[in-house]
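Below are the chains, spelled out letter by letter.
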Amino acid sequence: MDNLRDYFTRGGIPVTITLLAISFLTFLATFFSPAADPVISHYLLFSSINVWHAPWTIFTYPLVAGGFSLWLIIIWAFFWMTGGSLERSWGSVRFVVFFFAVTAITALSVLLGGTLLRMSVELPGGIFLPLMALVVAFCMVNPEQTMQYCFFPIKAKYIALI
């Protein structure tokens, strides 16, 4: 048990590693067991119709990873890089509050828009939506850091504009 705790706390980014691990576990569940996909979708993905029966989906939709693709690996790597850096500089509590605040604000905005337009709206599963807020926050905290963008070095302050 100590080895597992050491793994998640190593590097000072336990929240980032935990969120990635949950995302990876939902990916494995949907990839190897197609029967689990509707269950995970119903209980973890945000839908404006289902939100009143499953209000926790406001916070859980980014933890559900979709089908396998190269983009999934790139998104996980980018989340590990930006989320880990922010968690180290802000601390775990501030980072988790920011992550779930961005997640909830996105879901509630979509719920409000769907209600005003009288439409059923579903958010896609995956960590991509909160990742965009993390990238902007990372770029604001580290504006002069050079990152690789399509194999070209570019400063973080310009990546936030993209």
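Everything numeric in this text was worked out from a predicted model, so none of it was measured.

Draft legend 1. Spotlight on the overall build of the protein chain. The helix and strand tally for the protein chain stands at eight helices and two strands. Each helix and strand of the protein chain, placed in order from N terminus to C terminus, yields the pattern α-α-α-α-α-α-α-β-β-α. Computed over its C-alpha atoms, the radius of gyration of the protein chain comes to 17 Å, within 12% of the 15 Å expected for a compact globule of 162 residues. Each principal axis of the C-alpha distribution contributes one length, and for the protein chain these read about 45 × 45 × 30 Å. Out of the 162 residues belonging to the protein chain, those deemed buried represent 36%. When the accessible area of the protein chain is evaluated, it comes to approximately 9800 Å², of which 73% is carbon and sulfur surface.

Draft legend 2. Spatial organisation of unusual backbone geometry. Positive phi, close to 55 degrees, is recorded for R118, a residue that is not glycine. By secondary structure assignment, the location of R118 is in the loop between α6 (92–117) and α7 (128–141).

Draft legend 3. Fine view of the packing of helix α2 (residues 14–32) against helix α3 (residues 36–44). For the pair α2 and α3, the least separation of the axes is 7 Å and the interaxial angle reads 140 degrees. On the basis of the axis angle, α2 is oblique to α3. Contacts from T26, A29 and T30 of α2 reach α3 at A36, D37, I40 and L44. Broken down by class, the residue content of the contact of α2 with α3 amounts to four nonpolar, two polar and one charged.

About the cut-offs
- Residue indices follow the written sequence of each chain, beginning from 1 at its first position.
- Local features in a predicted model are, by the rule used here, given only for residues with pLDDT of at least 70; side-chain atom pairs are given and counted only at 80 or more, and totals for whole chains, interfaces and linings are based on all residues.
- Note: side-chain values were computed over all heavy atoms of the structure, leaving out hydrogens and water.
- Runs of H or I in DSSP of at least four residues are treated as helices and runs of E of at least two as strands, each being numbered from the N terminus.
- Atoms counted for the radius of gyration: C-alpha only. Globule rule: 2.2 Å times residue count to the power 0.38.
- Under the scheme applied here, a residue whose accessible area is under 20% of the maximum for its type counts as buried, over 50% as exposed, and between as partly exposed, the area being computed with a 1.4 Å probe on protein chains only.
- Computed by Shrake-Rupley with a 1.4 Å probe, the accessible areas treat only the displayed protein chains as cover when residues are assessed.
- Each axis is a line fitted through C-alpha atoms, and for a helix only the stretch in contact is used; angles between axes span 0 to 180 degrees, taken between their N-to-C directions.
- In what follows, roughly perpendicular refers to angles from 65 to 115 degrees, roughly parallel to angles under 35, roughly antiparallel to angles over 145, and oblique to any angle outside these ranges.
- Here, two residues are considered to be in contact whenever any of their heavy atoms come within 4.5 Å of each other.
- Side-chain classes follow a simple rule in which Ala, Val, Leu, Ile, Met, Phe, Trp, Tyr, Cys and Pro form the nonpolar group, Asp, Glu, Lys and Arg form the charged group, and the remainder, Gly included, forms the polar group.

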